[in-house]
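Listed below are the residues making up each chain.
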Amino acid sequence: MEREEFCRRVIWQMKRATLREQDWVKAELMGHLEDHADALEQAGYDPEEARSRAVAAMGEPEEIGRALNAQLSVFWLLLSRISTVCIMLLCLGLVGSLSAGYRVFQNVQARVDPGSGLHGPGEGYVRQKVDVRGAAGSDILRVYWVDLSEEEALAEVHFCIYDENPFGRAANGTENSIRARAPDGTWNRYGGGGQGSDGAWYWRLSDIPVEPGQTSLALRYDRFGEHMPLTIPLEWEAAE
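Residues numbered from 1 in each chain as written. Predicted model: local features only at pLDDT ≥ 70, side-chain atom pairs only at ≥ 80, totals over all residues. Heavy atoms only, no water.

Draft legend 1. Examining the packing of aromatic side chains more closely. A complete count under the given rule lists 3 aromatic pairs for this structure. Residues W201 and W203 carry aromatic rings whose centres are separated by 6.4 Å and whose planes lie at 20 degrees to one another, so their mutual orientation is stacked. In this structure, W201 and W203 share a single accessibility class: buried. Pairwise contacts between aromatic rings join Y144, W145 and Y202 into one cluster. The lysine or arginine in question, R127, covers the ring of W145, its NZ or CZ lying 3.7 Å from the ring centre. One cation-aromatic arrangement involves R220 over W187; the distance from NZ or CZ to the ring centre is 4.7 Å. (Phe/Tyr/Trp six-rings, centres within 6.5 Å; stacked < 30°, edge-to-face > 60°. Buried < 20%, exposed > 50% of the residue type's maximum accessible area, 1.4 Å probe, protein only. Lys NZ or Arg CZ within 6 Å of the ring centre and 35° of its normal.)

Draft legend 2. Layout of the pairing of strand β3 (residues 154-163). Counting buried residues along β3, 10 of its 10 residues qualify, which places the element largely inside the surrounding structure. Side-chain alternation along β3 places L154, E156, H158, C160 and Y162 on one buried face and A155, V157, F159, I161 and D163 on a second face that is also buried. Where strand β2 (residues 139-149) meets β3, 10 bridges bridge the pair, whose relative direction is antiparallel. Its bridge partner being in β3, V143 is matched across the sheet by F159. Sheet topology note: the β3/strand β7 (residues 201-209) ladder contains 7 bridges and is antiparallel. Looking at β7, one finds that C160 is bridged to Y202. (Helix = DSSP H or I, 4+ residues; strand = E, 2+ residues; numbered from the N terminus. Pairing = 2+ DSSP bridges.)

Note that all results are geometric; they support no functional claim without further evidence.
Structure, rendered in structure tokens:
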């Protein structure tokens, strides 16, 4: 599916949005898909396959469009930080609807801006912004930051998990399913930490040994009987 077709099918479901809002959403989606495709090209995919994979990783456009349309006020909360929306919903007693809406909000945030509000890189580390995604079962795993320390020869990988269905629940326990390949070729599970809830889970893998100048880092997500490989491009001089 082409990017234009994907965006058209998302927008078609957003009946509550104004034309200006629809144009804004389309521009954001197009920019995000382009960034993701560029990251995949840097990881070694040819341009056509990179564009195709970037679109596929987003999930079904009709489901995304319906979710945004149904939770339009929650979606715009991401953009405008209008806290009164949540207060109004609570006052109206719509706790159940708010819970479901917040799950969709988290799912959309993981697709659009996963690093929002999270901590900066550690001392001596350079942060690289990436956008690499893969799917296992209904999970979408997205790597969005890599922190590199040339002095320590270590990397820290930041990623999130969300369901391909905006209404779906993100799988927990991801930290036990991720492996990184060390320079000696072995696959290891490294320490780290995480946070999140049903809408999206955020994790990081710390103290991954790398060689200075190494051009990529290989990860593997082992879950649901699948082994999903991810190749993360490394740019030692890059900063977010």
